[in-house]
Amino acid sequence: MNRLLLASALAVAIAVAPLATSPILGQAPKASAAPKTPWGDPDIQGWFSNLSENGTPLEKPAQFAGRNLEDIKGEELTSIKQAAQNRTIESFAGPLHAPEDWWQKDLNMVKGSQAWLVIDPPDGKVPALTPEATARTAAAAEARRANPRGPSDSWEDRSLYDRCITRGLPGSMLPAIYGNSYQILQTPDYVAIRYEMIHETRIIPLDGRPHVSSKVRTHMGDARGHWEGDTLVVETTNFRDESSYRNSNASTLRLVERFTRVGPKTVKWSVTVEDPKTWVRPWTFAMPLTMDDTQPVLEYACHEGNLGLRNILSAARSEEEAARANK
Amino acid sequence: MKYRFPLASALVAAIVVSGIAISASAQRDAVVRPARTADGHPNLSGIWQAMNTAHWDLEDHSPSPSQLYQTGAVGATPGGQGVVEGGEIPYKPDALARKKLNFASRLSLDPEVKCYMPGIPRATYMPFPFQIVQAPNMVLMAYEFASSDRVINMGKPVEAAVDTWMGTANGRWDGEALVVDNTGFNDKTWFDRAGNFHSDQLHVIERFTLMDQDHLLYEATIEDPQTFTRPWKISMPLYRRVEKNVQLTDFKCVEYAEELLYGHLRKDPSK
């Protein structure tokens, strides 16, 4: 079964929406709180789901100007989340919407834990682009104007997500409207994270080895991890241009994730985004990761069953054929 | 099952040396690996790769040319000794006929060409490494090809929820061997590039047994009464990739198969 049409609609929803941190945001985890693995590392293993964090905007919405993230809670937060859930359902109304049983019964935005994601800078906004990034964006727009293409002239006009190639990083960690399950496993030497969506596996060495050569570039990047107290710190570089986060410079982008077990079912996760060629300063967003044994990762044979992409392309060709016939 | 190796003495020595998780050290991987995990089982963690021609053909086979002359020697098939116990896969007559058709049309039918998940056991002996991450209650096997992976449940066995490409894996320890019982396969994967195939009745029982620290005996018993007259078995050593700092490099081959799969749906600029 293929859910890509839904996926691309969702990609839009995600761009509009993103995700979130929580009441736990301001708490310093107690060193003794984290359960330990048999070999003494903090234990962050388990099945997780980001389902409830779907729909949280990346940046601080204007309506919260002057307010702190941790102050938006309780009924106020619930009402915001309920409204987001209602909007999401409405956005799929109409004759072409995905079958409701694929997603609506699992929709759980009401339990979302924060009103926006960016925690640094303090204004909750992604920092300004550098002049270089502004020029890069303008050049790309100019190239598109000079050589206009339809949205589905080829598969290359579709997103890497539509094509079942990758959601990249931090995209793979972020919620979508379905397929939010992922799993963390640990050994003394590695931490592995498996994402159901598209099916991605990150295997993060903990032994302090250097990054691979800058000539080796992958969509999920080259990750290195280490423990700082109770926090797993994962630094990822060596990205590819096509999938570099928010059109950053793949060769200078560096993502630093921090995973800290802060509760029986909660791992606090933050990402510091650094790319001096794209943003004038590093910035950080955060979201709680919630363990959920009821949501084990199932195999998502995204590419193998990608009728969505095939249908998008064949429909575009059919429309062109019909337009020619009507001339 | 029939294999016995002089494991005991090597393991005893290794346990004395290691046994405990050691703090990070640049030399650690090169010098000492814990022979056992904290829960006392053989530690299979590592990056492994087959070194044989099973990927081209599980059975004994002579060298043969590529179907695409443009690929010259690069696309030709190396000959090799098979890995099937007894030499031949016991196909039912109809299934053997289909296997031959598969082989004749392998460029259009082999799921590997389309970058589809390879299934089990094929993922194990493709010409790509795979990594075992042996966590306390789960064993992850992550394959470089197509970002495919599977997690072997080491707890109470679970039923396959649905048929999948990589199957549903329940594992247990049988002495020194990790035994993995795989069910819930679809009928879309092959065993090799020679068109050897199965139905959705496939049941694969694998055994992973360390022969020494850098060699892992891989055995797989294959049952599929719809396709074969009896169960049959393959076996081969897997070799630890011992290069310093070796790691998997994602091979997301979807991008390399799109022209093949969707090229006919590309907009024709002349129209």
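On a predicted model such as this, the values are computed, not experimentally measured, just so you know.

**Re the overall build of chain B**
Within chain B, the regular secondary structure consists of five helices and nine strands. Scored against the burial criterion, the 271 residues of chain B give a buried share of 37%. Looking at chain B alone, contacts between residues at least 24 apart form 56% of all its contacts between residues at least 6 apart.

**A word on the overall build of chain A**
Looking only at helices and strands, one finds four helices and 10 strands in chain A. Along chain A, helices and strands appear, N-terminal first, in the series α-β-α-β-α-β-β-β-β-β-β-β-β-α. Long-range contacts, defined as pairs at least 24 residues apart, comprise 68% of the intrachain contacts of chain A with a sequence gap of at least 6.

**Structural notes on the environment of glutamine 63 of chain A**
Residue and element names in this part refer to chain A. By the element assignment, glutamine 63 lies in the loop between β1 (46-49) and α2 (74-91). C-beta crowding within 10 Å serves as the criterion here: with 9 such atoms nearby, glutamine 63 is assigned to the exposed category. Separated by 119 residues in sequence, glutamine 63 and tyrosine 182 have C-alpha atoms that sit 33 Å apart.

**Let's talk about the nonpolar core**
Counting 111 residues, the largest nonpolar core has Val133, Val139 and Leu140 of chain B as the members making the most contacts within it. Looking at which element gives the most residues to this core, the answer is strand β3 (residues 138-143) of chain B, with six residues. Setting aside chain neighbours within four positions, we find valine 139 of chain B in contact with Ile132, Gln134, Ile152, Met154, Gly171 and Leu178 of chain B. Trp155, Leu309, Ile312 and Leu313 of chain A belong to the second-largest nonpolar core, a separate cluster that totals five residues.

**Some words on the interface of chain B and chain A**
Contacts between the two partners involve 40 residues from chain B, matched on the other side by 45 residues from chain A. Only α2 (28-31), β2 (130-134), β3, β4 (149-153) and α5 (254-262) of chain B provide two or more residues apiece to the side of chain B that touches chain A. Looking at the side of chain B that touches chain A, the element that brings in the most residues is α5 of chain B, giving four residues. Grouping the constituent residues of the side of chain B that touches chain A by class yields 21 nonpolar, eight polar and 11 charged.

**With respect to the pairing of strand β3 (residues 181-186) of chain A**
All names here are of chain A. Counted residue by residue, β3 has six buried out of six residues, so it is predominantly covered. The alternating pattern of β3 places Ser181, Gln183 and Leu185 and Tyr182, Ile184 and Gln186 on opposite faces, both of which are buried. Summarising the sheet, β1 and β3 pair through four bridges and their orientation is antiparallel. Each bridged residue has a counterpart across the sheet, and for glycine 46 the counterpart in β3 is isoleucine 184. Across five bridges, the pairing between β3 and strand β4 (residues 190-195) is antiparallel. Bridging from a neighbouring strand, leucine 185 pairs with alanine 192 of β4. As consecutive antiparallel partners, β3 and β4 are separated by three residues.

**So, the environment of serine 314 of chain A**
Residues and elements named next belong to chain A. Mapping serine 314 onto the fold places it in helix α4 (residues 307-325). The partly exposed category is assigned to serine 314, around which 15 C-beta atoms lie within 10 Å. Each C-alpha atom, one on serine 314 and one on serine 154, is 10.0 Å from the other, the two residues being 160 residues apart in sequence.

**A look at the pairing of strand β6 (residues 222-228) of chain A**
Residue and element names in this part refer to chain A. When β6 meets strand β7 (residues 231-237), the two strands line up antiparallel, connected through seven bridges. Within β7, the residue paired with histidine 226 across the bridge is valine 233. Linking two consecutive strands that pair antiparallel, namely β6 and β7, is a turn of two residues; a positive phi of about 60 degrees is found at glycine 229 within it.

**Remarks on the sheet that holds strand β1 (residues 46-50) of chain B**
All names here are of chain B. On the basis of which strands lie adjacent, the closed barrel formed by nine strands has the order β1-β2-β3-β4-β5-β6-β7-β8-β9 and mixed pairing. Strand-to-strand twist across the sheet, computed as the mean angle between neighbouring axes with direction ignored, equals 30 degrees. In the sheet, strand β8 (residues 215-223) pairs with strand β9 (residues 232-240) via eight bridges, with the strands oriented antiparallel. The partner of leucine 217 across the bridge, within β9, is proline 237.

**Points about the confidence of the model for chain B**
Residues and elements named next belong to chain B. On average, residues of chain B score 90 in pLDDT, and 87% of them are at 70 or above. Every residue in residues 1-31 scores below 50 in pLDDT, and together they form 30 contacts with partners more than four places removed in sequence or on other chains. Complex prediction metrics read pTM 0.88 and ipTM 0.87.

**Here's the deal with unusual backbone geometry**
Omega for the peptide link from aspartate 120 of chain A to proline 121 of chain A comes to 5 degrees, which places this bond in the cis form. Mapped onto the elements, proline 121 of chain A comes out in the loop between β2 (118-120) and α3 (131-146). Of the consecutive residues isoleucine 120 of chain B and proline 121 of chain B, the connecting peptide bond is found in the cis state with omega at 10 degrees. Positionally, proline 121 of chain B belongs in the loop between α4 (106-109) and β2. The backbone of isoleucine 198 of chain A sits at a positive phi, close to 70 degrees, despite the residue not being glycine. Inspection of the secondary structure puts isoleucine 198 of chain A in the loop between β4 and β5 (200-205). For serine 147 of chain B, which is not a glycine, the phi torsion comes out positive at approximately 50 degrees. Tracing the backbone shows serine 147 of chain B in the loop between β3 and β4.

**Comments concerning the environment of aspartate 39 of chain B**
Along the chain, aspartate 39 of chain B falls in the loop between α2 and β1. Aspartate 39 of chain B gets classed as exposed once you count the C-beta atoms within 10 Å, which come to 12. Put simply, aspartate 39 of chain B and isoleucine 152 of chain B are 113 residues apart on the chain and 16 Å apart in space, counted from C-alpha to C-alpha. Those residues in contact with aspartate 39 of chain B that sit more than four places away from it in its chain are Pro38 of chain A together with Pro136 of chain B.

Calculation rules
Residues numbered from 1 in each chain as written. Chains lettered and ligands numbered in written order. Predicted model: local features only at pLDDT ≥ 70, side-chain atom pairs only at ≥ 80, totals over all residues. Helix = DSSP H or I, 4+ residues; strand = E, 2+ residues; numbered from the N terminus. Buried ≥ 20, exposed ≤ 12 C-beta atoms within 10 Å, placed from the backbone. Contact = placed C-beta atoms within 7 Å. Core = buried A, V, L, I, M, F, W, Y, C linked by C-beta atoms within 7 Å. Nonpolar A, V, L, I, M, F, W, Y, C, P; charged D, E, K, R; others polar. Pairing = 2+ DSSP bridges. Axes fitted to C-alpha atoms, helices over the stretch in contact; angles between N-to-C directions. pLDDT = per-residue confidence, 0-100.

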